[in-house]
Amino acid sequence: MDALECLMKRRSVRKYKPDMVDEETIKKILACGSMAPSGKGTQSATMVVVRDPETIADLSRMNAAVKNFNYDPFFGAPMAVIVFSNPAVWPGTDWDAALMMGNLMNAAYAEGVSTCWINRGKQMFATEEGKAYMAKWGVPDTCEGVGICIMGYCDGEYPTPKARREDMIIWAD
């Protein structure tokens with residue numbers, strides 16, 4: 001897919017089929033995530049791939065608890081990629097993680113996979129339960145959750161872009 005087309009058409013999906021993305025496609029998407037720019041070339045962000053249905057359900061429950069949501073904030077997605085920053089590496093590591101999330105979402109769309117950035121990663125992984133998951137996965141305790149990139153295949157019609165604000169771009173010259 002053309003890069004500009006991908007950037008113009010990718011949208012967040014909030015309803016997923018239960019079908020798992022095949023491993024070869026996941027690896028391509030993760031490779032693109034790993035190629036995101038990072039400040040000072042530090043490569044400070046880390047990705048954790050979660051495909052186990054019980055863990056996905058538990059993480060969704062934890063995420064909902066942050067805001068007392070009474071719905072599945074993972075929208076039935078069969079997998080998630082959790083992106084962690086590491087402030088111990090350098091102060092701008094959250095930006096590195098955000099760029100990684102963007103690469104993941106755009107690469108997924110180019111491969112026909114739907115995504116949505118789920119917030120509340122910092123809050124989830126600051127809890128004892130979240131820290132236990134980090135320890136289980138081998139994520140350093142200096143890391144912080146930045147975002148959860150849920151992935152799967154859109155169940156229904158793919159969202160269309162909304163009109164953009166006219167004042168979004170200011171020409172300063």
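The preceding data block contains the structure.
As a starting point, this report considers the structure included with it.

Once that is clear, we can look at the nonpolar core. Leu 59, Phe 74, Ile 82, Phe 84, Phe 125, Ile 148 and Ile 150 are the most contacted members of the largest nonpolar core, which totals 23 residues. If you list the elements that add at least two residues to this core, you get strand S1 (46–50), helix H3 (53–67), strand S2 (79–85), strand S3 (114–118), helix H5 (121–126), helix H6 (128–137) and strand S4 (144–152). The next biggest cluster of nonpolar side chains, apart from the first, holds 20 residues, and it includes Val 21, Met 100, Val 113 and Val 146.

With that settled, the discussion passes to the packing of aromatic side chains. Within this structure, the stated rule accounts for seven aromatic pairs. For the pair Phe 84 and Phe 125, a centre-to-centre distance of 5.0 Å together with 65 degrees between the ring planes defines the contact as edge-to-face. Linking Phe 84 in strand S2 with Phe 125 in helix H5, this pair joins segments that are 41 residues apart in sequence. Like Phe 84, the residue Phe 125 is buried in the burial classification. With 5.4 Å between their ring centres and 40 degrees between their planes, Tyr 109 and Tyr 158 make a pair best called tilted. Highlighted residues: Tyr 109 in helix H4 (residues 93–110) and Tyr 158 in the segment after S4, separated in sequence by 49 residues. Taking the relative accessible area as the measure of exposure, Tyr 158 reaches 23% and is therefore partly exposed.

We now examine the sheet that holds S2. Ordered by their spatial adjacency, four strands build an open sheet running S1-S2-S4-S3, and the pairing between neighbours is antiparallel. The outermost strands of the open sheet, each flanked by one partner alone, are S1 and S3. The sheet shows a mean angle of 20 degrees between the axes of neighbouring strands, direction not considered. As defined by bridge partners, S3 adjoins S4 across five bridges and the pair is classed as antiparallel. Bridging across to S4, Thr 115 finds its partner in Met 151.

The rules behind these values
Sequence order as written defines residue numbering, which begins from 1 separately in each chain. Local features in this predicted model are restricted to residues of pLDDT 70 or higher, and side-chain atom pairs are both shown and tallied only at a pLDDT of 80 or more, whereas totals for entire chains, interfaces and linings draw on every residue. Processing note: side-chain calculations cover all non-hydrogen atoms of the structure and skip hydrogens and water entirely. We define the nonpolar core as a collection of buried residues of types Ala, Val, Leu, Ile, Met, Phe, Trp, Tyr and Cys that are connected through side-chain atoms lying within 4.5 Å of one another. Remark: exposure states derive from per-residue accessible area (1.4 Å probe, protein chains only) relative to the maximum for the residue type, with buried under 20%, exposed over 50%, and partly exposed in between. Working definition: helices are DSSP H or I runs of at least four residues, strands are E runs of at least two. Numbering for both runs from the N terminus. Pairs were defined over the aromatic rings of Phe, Tyr and Trp, the Trp ring being its six-membered one, requiring ring centres within 6.5 Å. Orientation was assigned from the angle between planes: stacked under 30 degrees, edge-to-face over 60, tilted for the rest. Two strands are counted as paired when DSSP detects at least two bridges linking them. The convention used is that axes are lines fitted to C-alpha atoms, helices contributing only their stretch in contact, and that angles between N-to-C directions extend from 0 to 180 degrees.

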